[in-house]
Amino acid sequence: MTVSATLAANEAIAERRAAGEEVLALGFGEAGIPVHPLLRQRLTQAAGQISYGPVAGIDAAREAAAGYWTRRAIPTGAEQVLLGPGSKPLLFALLHAAGGDVVLPKPAWVSYAAQSQLLGRDPIRVPVPEGEGGVPDADAMDAAVREARRAGRDPRIVIVTLPDNPTGRLASEQSVKALCEAARELDLIIAADEIYRDLVFEPGTFPSPAAWAPERTVTTTSLSKNYALGGWRVGAARFPDSPLGERLRESVRGTASELWSSTPMPMQHAAAYAWSDPQELVERVALARRLHGSVANAVAEAFSEAGCEVLPPQGGFYVWPDFEPLRDSLAAHWGIATSADLARVLLERFGVVVLPGSAFGDDPERLTVRVAVTGIYGENDSERLAALVSRQPVEMPWISEALDGLKEKLQALTAPE
Ligand SMILES: Cc1ncc(COP(=O)(O)O)c(C=O)c1O
């Protein structure tokens, strides 16, 4: 097992900065906003909670998570919820519980494939519908699963990401419904990773698979992205109210009991507060949405102006440009033939850190990269807070400077003298 591509990128940034080199850090998917004072207060108040606590999580946190989903039109009882130290280990335990092979959209977040490989199985990757991201195309999935079964493989679970990391796109209701029907037909469990759910830029109905395939959908969330609390490590999974759901939940609880015992107690108290959606925090998430949306769109524009194909981001904080239209000139000037070459040249020649599309399972010769935009929100908490509350975040001097720097570097990459 190698270090996760996203975490490795973070380390590359630290090394270059330590060596005094300028870096435009667009590699790591950390949400980049200071902790809300009320969450800090809840955490501090609970610091004396030093026992392990129940494996599934404390009642208050499971009830709050159930309320969180119920208010989002997925009626949920506390008994359907399991907490974990982030959603990542919960997803791993779920893949373990499902057994068999894992179906992924292509591209997909790095860790799904790595987790599948930890369980001894290469994932089955299925392209996303044209112009979308985060869900496999339903017809293509049907064909791929049938083909895999004929070849003796045993696909049992499909993961979808709504909205998506790496593409920043939110799958359409039509594609999610089709996916749900196909999953039912093929008897696949659906893992709906909705960690960026509250960070969709435009208001509208949210296409949650739990609405159309309630009997087979496990939904995950966490505090890592909405509240930028990745380091606090607290997440939750919602299991279906069905015999399948009960079986999966019990298996995940068993894995939890042997791997992480319980979720850190102080974090659970903070999560119980956050998942009750108090007005102050709802407002905080609205500000985060505005910040991510305006910077992600500005970054997408910068890539588009440089000649890339790039769809407008719809949620989260990622942009997924495709340098295909520039292939000939990139090959002629820099010898670039793959996304890994592209990411390397961007880092070594221009100090721009992005991740190659191949890290997300895209074909290596496609010239896609994943750009995480939060790295330019500010150098410290006071800059990040100012960006968060600004009505025009892209006009904050350090953000507009970083955007100008990005444009210059892309110009030098794509149209060298
Ligand atoms: C799509 C997706 N799922 C899950 C995670 C992991 O989240 P957590 O911090 O809850 O383990 C991330 C974090 O990068 C992510 O981007």
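Residues numbered from 1 in each chain as written. Predicted model: local features only at pLDDT ≥ 70, side-chain atom pairs only at ≥ 80, totals over all residues. Heavy atoms only, no water.

**What about the packing of helix 11 (residues 279-305) against helix 15 (residues 397-414)?**
(1) Moving on: Following both chains from N to C, one finds helix 11 and helix 15 inclined at 20°, their axes separated by 9 Å at the closest point. In terms of axis orientation, helix 11 runs roughly parallel to helix 15. Crossing hand, helix 11 versus helix 15: right-handed. Along the contact surface, helix 11 presents Val295, Ala298, Val299, Ala302, Phe303 and Glu305, while helix 15 presents Ile399, Leu403, Leu406, Lys407 and Leu410. (Axes fitted to C-alpha atoms, helices over the stretch in contact; angles between N-to-C directions. Helix = DSSP H or I, 4+ residues; strand = E, 2+ residues; numbered from the N terminus. Parallel < 35°, antiparallel > 145°, perpendicular 65-115°, else oblique. Left-handed = near helix turned anticlockwise from the far one by under 90°. Contact = heavy atoms within 4.5 Å.)

**A short note on the site of the ligand**
(1) Moving on: Taken together, 14 residues sit near the ligand, with Ser87, Asp193, Tyr196, Ser224 and Arg233 positioned nearest.
(2) Moving on: Measuring from an oxygen atom of the ligand, one finds a backbone N or O atom of Ser87 at 2.7 Å.
(3) Moving on: Measuring from an oxygen atom of the ligand, one finds a side-chain N or O atom of Ser222 at 2.8 Å.
(4) Moving on: Protein coverage of the free-state accessible area of the ligand, which is 400 Å², stands at 93%.
(5) Moving on: Among the residues forming the shell around the ligand, the class breakdown is four nonpolar, six polar and four charged. (Near = heavy atom within 4 Å. Polar contact = N/O pair within 3.5 Å; in protein donor to acceptor, adjacent residues only side chain to side chain. Areas by Shrake-Rupley, 256 points an atom, 1.4 Å probe, with all protein chains shown as cover. Nonpolar A, V, L, I, M, F, W, Y, C, P; charged D, E, K, R; others polar.)

**With respect to unusual backbone geometry**
(1) Moving on: Here the residue pair Lys106 and Pro107 is connected by a cis peptide bond, since its omega of 5° sits within 30 degrees of zero.
(2) Moving on: Mapped onto the elements of the fold, Pro107 is located in the loop between strand 3 (101-106) and helix 5 (110-118).
(3) Moving on: Phi at Ala73 takes a positive value of approximately 70°, unusual for a residue other than glycine.
(4) Moving on: Along the chain, the position of Ala73 falls in the loop between helix 3 (59-71) and strand 2 (81-84).
(5) Moving on: The class of Ala73 is exposed, set by a relative accessible area of 64%.
(6) Moving on: You will see that Ser261, though not glycine, has its phi angle at about 65°, which is positive.
(7) Moving on: Tracing the sequence through the fold places Ser261 in the loop between helix 9 (243-259) and helix 10 (265-274). (Buried < 20%, exposed > 50% of the residue type's maximum accessible area, 1.4 Å probe, protein only.)

**Here's the deal with the domain arrangement of the protein chain**
(1) Moving on: Along its sequence, the protein chain is organised into domain 1 (5-30 + 280-414) and domain 2 (50-277).
(2) Moving on: Once you take the C-alpha centre of each, domain 1 and domain 2 turn out to be 26 Å apart.
(3) Moving on: Taken together, the 28 residues of domain 1 in the interface contact 26 residues of domain 2.
(4) Moving on: Of all residues in domain 1, Leu281, Gln314 and Phe360 give up the largest surface area on contact with domain 2, accounting jointly for 25% of the area buried on that side.
(5) Moving on: The interface formed by domain 1 and domain 2 includes one salt bridge. (Domains from an automatic or database assignment. Buried area = accessible area lost by both parts, 1.4 Å probe. Salt bridge = Lys/Arg side-chain N within 4 Å of Asp/Glu carboxyl O.)

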